[in-house]
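Examining the three-dimensional arrangement
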Amino acid sequence: MVIKKLNSMFHRHGRWLFAVITVVIIISFLGFLTPGQFGMDGMFSWGGRAVGVAYGKKVTDKELRSEMTDMSVFRYFYIGQGEEIKPEEAFWSVCLNRAAALHELTVSDKEVADLIAASPALQTDYKFDIARYKDMLGRASSHFGIAAADVERAYRKELLKIKLRQDFLSGSAVTDHELEQMYRRINAAHKVAALSFAGDDFKAKVDPTEAELKAFFSGNRAAYSIEAKASGLLFVFPFDNYTAAATAEATPAAAKELYTKSPQLFAVDGKTPAYEKIAGKVREKLIELKSADMARIAAYDFSEKAYNALLGQPAANRLSVMNSLAAEYKIKPLVINSVSETSEKVAGVTLPRMAALLCRAAVGNNPVTDIVSGARGAYIGVGISGSPAHNAEFPEVADRVKVDFAANAATTAARNAATKAADALSKLADGPARLKAMSKLGGKLTEFEFSGEKLPPAGMERAAYAATTLREGENSAMMPTSDGAVVTLLEKRTPPDMSGFKAKASRYENLLRQYKAELAAQGFQERLLQNCHLYTDNGARN
């Protein structure tokens, strides 16, 4: 097993230094890796049906469940707290795992051990703490049956993703010739004339008929959708309600244990004061953590009761069932009226994740959301009714369509005018004749100079880039811009002073390497999207 190698490895390597500060270790496991607590029961059945395809093979909902567990295990042991893993995130993780397998990438036991050792959550005084690891593993095992092999598998998968990235970036080497060419291109001085055509200048001439608007809508229907919305109830479990119980449990021994296991919570400028000097603050922190933990435990118990009470009930009965349960628990829920999935607030409370969870719960098999921790309490939502996101009908978005049609038509007109201007300039004899004619072809004429030491004017970046590819006196074709188009004429190019090349070579090498790395990443992403597809019809396929 990998973990057996850790003690001997640390004996060899000595102290570990890390820049990452360990986050809170003492957290509740409730909701972590618990079936039904990720808000996805309405999306998948977890019965082994296909939910997507990756590199020619189906991806099942069971694979996503397993991947979500592995990702949660890694994050818990690495940073010290579990996080909600969305099915979409797990799907792309499965895709990356398969891509790594196709590249025949492997991870050694030592590499797994090294990463486990480097986990911020498993450090004490910047060194791997085997006792902390065993303690976390013991709790994970007793609560959820997580074994050391599960932890190692989760870490191995993360390392494969890292190696995959290194693999597709390995072609980002820079040659001396590429470096010199880049230096010459950037540091040459250019004098440029740019003829810009803005879409706004053509909007006044756009007057579409209703038939044209409907045709535009039909051709771009995928761009028009209505957000999911939901109504429901929000149950609050304030942390303050559990302060008294937490205070009773905050014994000196428990406070000392918190200080010993999580000294980073009390560090000042990287150093942790002696326990005796901050015993009061440690106890206050312990009460704070225990209060929040107790609130989450109560919220979890309530969510289980709610789930069981609503199981098998038609949507029409949800409100009455939850009102009865709320009365039993003496909780007065907050009413949520038609909240959109992107809303940052729910029932007046800032809870960025809750709206999306509620919208999913309202139309799914499990109307009870995940537990969401806010600034002052733990929250559970129950979806009473809702509507999923859907493609809009024309009357619902008629005003948006009219605005979009006008913008599109105006931009097209601007680019057509730029194309005509570019064609007309190309037919003239030389640069001076083209420059003279530019002021008579419509658009806005701008003359400017730029070099490696002098940036082009704002908005002229596209024209400047085109100028680096032109010969003196030559004009470009029409080049689209965000609001129209531009045609560039290179009036004059002055070669760079190569005496400064060596002094700036390392800087330009880094820029070129970064550019090539971005191209490599973009290429990999395109291949990934071509080979992997998550079904989006909210229903798994056989």
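Before reading on, note that the structure itself is shown above.
Throughout what follows, the structure given in this document is the object of discussion. Treat the numbers as computed from the prediction; the structure is a model and nothing was measured.

Calculation rules
Residues numbered from 1 in each chain as written. Predicted model: local features only at pLDDT ≥ 70, side-chain atom pairs only at ≥ 80, totals over all residues. Heavy atoms only, no water. Buried < 20%, exposed > 50% of the residue type's maximum accessible area, 1.4 Å probe, protein only. Helix = DSSP H or I, 4+ residues; strand = E, 2+ residues; numbered from the N terminus. Pairing = 2+ DSSP bridges. Contact = heavy atoms within 4.5 Å. Axes fitted to C-alpha atoms, helices over the stretch in contact; angles between N-to-C directions. Parallel < 35°, antiparallel > 145°, perpendicular 65-115°, else oblique. Left-handed = near helix turned anticlockwise from the far one by under 90°. Nonpolar A, V, L, I, M, F, W, Y, C, P; charged D, E, K, R; others polar. Phe/Tyr/Trp six-rings, centres within 6.5 Å; stacked < 30°, edge-to-face > 60°. Core = buried A, V, L, I, M, F, W, Y, C linked by side-chain atoms within 4.5 Å.

Let's talk about the pairing of strand β12 (residues 377-387)
Among the 11 residues in β12, eight count as buried, and that is most of the element. Alignment of strand β7 (residues 229-238) against β12, held across 10 bridges, turns out to be antiparallel. By the bridge assignment, K229 is partnered in β12 with S387. Across four bridges, the pairing between strand β11 (residues 368-373) and β12 is antiparallel. Paired with V372 across the bridge in β12 is Y379. Following β11, the chain reverses through three residues before pairing antiparallel with β12.

Remarks on the environment of F266
Assignment of secondary structure puts F266 in the loop between α10 (252-261) and α11 (275-310). F266 gets classed as buried once you look at its relative accessible area, which sits at 9%. For F266 and K285, which are 19 residues apart along the polypeptide, the C-alpha to C-alpha distance reads 9.2 Å. When near neighbours in sequence (up to four residues on either side) are disregarded, F266 contacts L258, Y259, K271, T272, P273, I278, K281, V282 and K285.

Re the packing of helix α3 (residues 87-102) against helix α6 (residues 148-168)
Each pair of packed helices gets described by two things: the angle between the helix axes and the distance between those axes. The contact between α3 and α6 brings their axes to 9 Å, and the two run at 65°. In terms of orientation, α3 lies roughly perpendicular with respect to α6. The chirality of how α3 crosses α6 is left-handed. Judged by residue contacts, S93, L96, N97, A99 and A100 of α3 engage K157, L160, K161 and L164 from α6. In terms of residue class, the contact of α3 with α6 is built from five nonpolar, two polar and two charged.

What about the packing of α3 against helix α17 (residues 501-531)?
At a minimum axis separation of 11 Å, α3 and α17 run at an interaxial angle of 105°. Relative to α17, the element α3 lies roughly perpendicular. For the pair α3 and α17, contact is made by W92, C95, L96 and A99 and by F524, L528 and L529, respectively. Of the residues belonging to the contact of α3 with α17, the class tally is seven nonpolar, no polar and no charged.

Some points on the packing of aromatic side chains
Inspection of every chain in the model, using the stated rule, returns 16 aromatic pairs. With a centroid separation of 5.2 Å and an interplanar angle of 70°, the aromatic rings of Y183 and F501 are classed as edge-to-face. Placement of Y183 in helix α7 (residues 176-187) and of F501 in helix α17 is noted, with a sequence separation of 318 residues between them. When its relative accessible area of 2% is taken as the criterion, Y183 is described as buried. A ring pair is formed by F302 and Y329, whose centres lie 5.0 Å apart and whose planes are at 85°; its orientation type is edge-to-face.

Considerations on the nonpolar core
One finds F77, Y133, V151 and Y155 to be the most contacted residues of the largest nonpolar core, which totals 44 residues. Elements with a minimum of two residues in this core: β1 (50-54), α2 (61-79), α3, α4 (109-118), α5 (130-144), α6, α17 and β17 (532-534). Apart from residues lying up to four places away in sequence, Y155 is in contact with F74, F77, Y78, V112, L115, I116, S119 and L122. The next biggest cluster of nonpolar side chains, apart from the first, holds 23 residues, and it includes Y300, V321, A326 and V382.

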